[in-house]
Amino acid sequence: MAPTQLTKTAQQARQHLMVPAQDMKTLGQRALPALSHGEGIHVFTENGHRLIDGPAGMWCTQVGYGCSEIAEAIADQATTLSYNSPWYTTNTQAAALAEQIATMTPGDLNRIFFTTGGSTAVDTALRFVEYFNNALGRPSKKGIVVRRDGYHGSTALTFSCSGRSQTAPHFDPPAQRIHYLSSPNIRLSGGQTEAQFLETLVEEFETLIEANGPETIGAFLAEPILASGGVIIPPKGYHARFKEICEKHEILYISDEVVTAFGRCGEWFASEKVFGVVPDIITFAKGVTSGYVPLGGVAISDKLLARVSGENAGGAYFGNGYTYSGHPVSCAAGLANIKVFEKLDLLNHVRKISGYFNQALQGLRDLPGVVDVRVSGLVGCVECMTVDQRIIAKAEDRAMATEIDTLCFEMGLIVRPLANLCVISPPLTITEDQIDEICDILRTAIIRVTAEHLAA
Ligand SMILES: Cc1ncc(COP(=O)(O)O)c(C=O)c1O
């Protein structure tokens, strides 16, 4: 299409927008497809192409698009009180949402600090660990243990904690205090059983602590499911075992539930009920407002806070915060979102339909080019390779998956383009018929695209 035929949005985007993970080669030459509106689980492009939102935006549009209850709560709050400074005032919505979330978190994680999204939530959790150990007179206990294939955000510190930060082109090496463990992806285990692999991973963690000294390790930061790293589901019992080790060495366990909270796995929070662990700190974002407006937060254990507050505070303050911490409009959206969950009985719906979702995606396992299908709750991925039995994706595998995603798009389904994976984590309101439609499109696209690539 000649530049003059571009829509106004496409022209503006080409000339002035820079997007996340911007491909620098095509800066100014190419713009992403522009969406005009959404309805339920569907979004529409400017030229009217209807698409199923397969990845629920960025794993966040839990209740789907066009929810008038959330829209009205946002409008009402913006009219009533559009902003307050969280430094010297608070607001009804932030206080009510904090109280509500405290009833949903496991254990004694009853204190909520609101942030602007997931990265700032994880950043806040890590800054709390730093503050906590300094306040307790343990200034060397600052190491952060993370996993390869983990993803924790895009601030300098949280990106450093993401497993792929070491190979990100043109970024400086991650902070020295960050230690990387292996990805808990059984496909990388060299043929071990799940139980053997768990022992290998546990041993690696213990060895790392011993080598560095537990007095230098402050936190273990982990997503229950490594979402952006490839929908990696650790071996059974992994989280509980790692928590035991953390407790032994007074290492804080931070569960990054930015993806898994708010219904994605059938619970408000997945850590305890799905993965058997009560963390010291949980981070959340995305689904808390179903993506209607930005919001994130950190839930911190009362026990931890008691050690550095009140008589133990020593006159200090936790110097961390954002202009938009506890933003009244975002918190109003959060409260309305929870009401919609309750009205639709959405947690129960996810618990019931996730079996069907699993079965439907697993039905693609036998297609040519498909080497693995991983599903937990309403998070799933189909892993494709040009060579059967290949473990680590190469450029040609990524290219093939991108072609599958592109063909799906043409056929009316957005699939999150993530390396050699087709990621599907739909809005939680999804029905069985819609899951069938997703899998039919995926099936057709995989068969058509792999036919060319595998024959080559
Ligand atoms: C587990 C996890 N943590 C943190 C983040 C960062 O969240 P945000 O993009 O809202 O800053 C993400 C984003 O995808 C995530 O998946």
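If you're wondering where the values come from, they're calculated on a predicted model, not measured in any experiment.

## Observations regarding the overall build of the protein
- Looking only at helices and strands, the protein features 14 helices and 15 strands.
- Taken over C-alpha atoms, the radius of gyration comes to 22 Å for the protein, in line with the 23 Å a tight globule of 456 residues would show.
- For the protein, the spread of C-alpha atoms along the principal axes amounts to about 65 × 60 × 45 Å.
- Each of the 456 residues in the protein was classed as buried or not, and the buried ones make up 54%.
- Taken as a whole, the protein presents about 20,600 Å² of accessible surface, with 53% of it coming from carbon and sulfur.
- Averaged over its 36 positive side-chain charges, the protein has a centre that lies 3 Å from the centre of its 48 negative ones.

## Topic: the packing of helix α3 (residues 68-80) against helix α11 (residues 328-344)
- Look at α3 against α11: their axes get within 8 Å of each other, and the N-to-C directions meet at 155°. In terms of axis orientation, α3 runs roughly antiparallel to α11. The crossing of α3 and α11 is right-handed. Along its contact with α3, which presents Glu69, Ile70, Ala73, Ile74, Gln77 and Ala78, the element α11 presents Pro328, Val329, Ala332, Ala333, Ala336, Asn337, Val340 and Lys343.
- The class makeup of the residues in the contact of α3 with α11 is 10 nonpolar, 2 polar and 2 charged.

## Structural notes on the nonpolar core
- In terms of nonpolar packing, the biggest core is built from 66 residues, with Ile101, Phe114, Phe262 and Leu442 touching the most fellow members.
- Each of domain 1 (33-66 + 345-455) and domain 2 (69-343) gives at least three residues to this core.
- Leu221, Leu252, Ile281 and Val298 belong to the second largest nonpolar core, which has 24 residues in total.

## Quick word on the domain arrangement of the protein
- Domain boundaries assigned for the protein yield domain 1 (33-66 + 345-455) and domain 2 (69-343).
- Distance between the C-alpha centres of domain 1 and domain 2: 27 Å.
- The partner domain 2 presents 30 residues to the 37 residues of domain 1 that form the contact.
- Interface area for domain 1 against domain 2, summed over the two sides, is near 2,500 Å², with a carbon-plus-sulfur share of 59%.
- In this assembly, domain 1 and domain 2 are joined by 2 salt bridges.
- For Glu383, the salt bridge identified is with Arg187, shortest N-O distance 3.4 Å.
- Summed over the shared surface of domain 1 and domain 2, the number is 19 residue pairs in polar contact (both at pLDDT 80 or more).
- Listed by contribution, the elements that provide at least two residues to the side of domain 1 that touches domain 2 are α2 (56-59), α12 (346-362), β11 (370-376), β12 (379-384), β14 (416-418) and β15 (421-424).
- Here the side of domain 1 that touches domain 2 takes 5 residues from β11, the largest share from any one element.
- Of the residues in the side of domain 1 that touches domain 2, the class split is 22 nonpolar, 8 polar and 7 charged.

Thresholds, definitions, all that
- Chains are numbered independently. Their residues run from 1 in the order of the written sequence.
- Reporting in this predicted model follows two pLDDT cut-offs: at least 70 for local features of residues, and 80 or more for side-chain atom pairs to be given and counted; totals over whole chains, interfaces and linings ignore these cut-offs and use all residues.
- Each side-chain value is derived from all of the structure's non-hydrogen atoms; neither hydrogens nor water enter the calculation.
- The helix and strand labels rest on DSSP assignments: H or I over at least four residues marks a helix, E over at least two residues marks a strand, and numbering proceeds from the N terminus.
- Just to be clear, the radius of gyration here is over C-alpha atoms, and the globule rule we use is 2.2 Å times residues to the power 0.38.
- Partly exposed describes any residue whose relative accessible area lies between the buried limit of under 20% and the exposed limit of over 50%, with all areas from a 1.4 Å probe on protein chains only and scaled to the type maximum.
- To measure how exposed things are, a 1.4 Å probe is used in the Shrake-Rupley method; for residues, cover is taken only from the protein chains shown.
- Residues scored as charged are limited to Lys and Arg (positive) and Asp and Glu (negative), so that His and the chain ends carry no count.
- Charged side chains are reduced to one point each, which is NZ for Lys, CZ for Arg, CG for Asp and CD for Glu.
- Inter-axis angles, ranging from 0 to 180 degrees, are taken between N-to-C directions of lines fitted to C-alpha atoms, where helices are fitted over the stretch in contact.
- For classification, angles of less than 35 degrees are called roughly parallel, those exceeding 145 degrees roughly antiparallel, those between 65 and 115 degrees roughly perpendicular, and all remaining angles oblique.
- Two helices that cross are described as forming a left-handed crossing if the nearer one is turned anticlockwise from the farther one by less than a right angle, and a right-handed crossing if clockwise.
- We call two residues contacting when some pair of their heavy atoms lies within 4.5 Å.
- Under this grouping Gly is polar, as are all residues other than the nonpolar Ala, Val, Leu, Ile, Met, Phe, Trp, Tyr, Cys and Pro and the charged Asp, Glu, Lys and Arg.
- Nine residue types can take part in a nonpolar core, namely buried Ala, Val, Leu, Ile, Met, Phe, Trp, Tyr and Cys, and a core is a set of them joined through side-chain atoms within 4.5 Å.
- Each domain's extent was defined by an automatic or database domain assignment.
- For any pair of parts, buried area is found by adding up, for both, the accessible area (1.4 Å probe) each one loses once the two are put together.
- One side-chain nitrogen of Lys or Arg within 4 Å of one carboxyl oxygen of Asp or Glu is enough to make a salt bridge.
- Throughout this description, a polar contact denotes any pair of N or O atoms lying within 3.5 Å of each other; where both atoms belong to protein, one of them has to be capable of donating a hydrogen while the other can accept it, and for residues adjacent in sequence the pair is counted only when both atoms sit in side chains.

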